[in-house]
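Chain residues, written in single-letter form:
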Amino acid sequence: MSNERKQTIRHEIISSLEKGPLTVRDISQSVGIMEKDVYHHLAFIEKTVRQQKKRIQMEPYYCLNCGFQFKNRKTFKKPGKCPGCRDGRIAPAVLWIN
């Protein structure tokens, strides 16, 4: 039984994001790694795709209670609570490479 990868994890994430929009959970399931590891890889992938004159596009996280959008986030990590209503139910961001 062989569990060898044909590509590196980061190359698999890049090819998945180039195919279409995905959430972090979708990425983790397609590549077979934990969600918290996806956040770590995304920071490096952003630098890699920038050299190729591409960008990671992101539909921002938003609060499911009041609709507040986290438009100016510098990191890919999910916010803990909404600054508007202090609710912790945050919808996932959607990412893709353009």
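The preceding data block contains the structure.
Parameters and conventions
All residue numbers here refer to positions counted from 1 along the written sequence of the relevant chain. At least 70 in pLDDT is required for a residue's local features to be given in this predicted model, at least 80 for side-chain atom pairs to be given and counted, and no such filter applies to totals for whole chains, interfaces and linings, which use all residues. For the side-chain quantities, the full set of heavy atoms in the structure was used; hydrogens and water were omitted. Two rings belonging to Phe, Tyr or Trp (six-membered ring only in the last case) form a pair when the distance between their centres is within 6.5 Å. Interplanar angles under 30 degrees mark stacking, angles over 60 mark edge-to-face geometry, and anything in between is tilted. To qualify as a helix, a DSSP run of H or I must reach at least 4 residues; to qualify as a strand, a run of E must reach at least 2; elements of each kind are numbered from the N terminus. Buried means the residue's accessible area, taken with a 1.4 Å probe over protein chains only, is under 20% of the maximum for its type, while exposed means over 50%, and partly exposed covers the values in between.

Is there a simple way to explain the packing of aromatic side chains in this structure?
Where two aromatic rings form a pair, the distance of their centres and the angle of their planes describe that pair. Per the stated rule, a full pass over the model turns up one aromatic pair. Where Phe-68 meets Phe-70, the ring centres are 5.0 Å apart and the plane angle is 90°; that geometry is what we call edge-to-face.

I tried to follow unusual backbone geometry on my own but got confused; where do I start?
Backbone geometry follows two general trends: most residues other than glycine have a negative phi, and most peptide bonds adopt the trans configuration. At Lys-53, a residue that is not glycine, the phi angle is positive and equals roughly 65°. Relative to the helices and strands, Lys-53 resides in the loop between helix 3 (35-51) and strand 1 (56-59). Lys-53 gets classed as exposed once you look at its relative accessible area, which sits at 76%. Look at Arg-86: it is not a glycine, yet its phi comes out positive at around 65°. According to the relative accessible area criterion, Arg-86 is exposed, its value standing at 58%.

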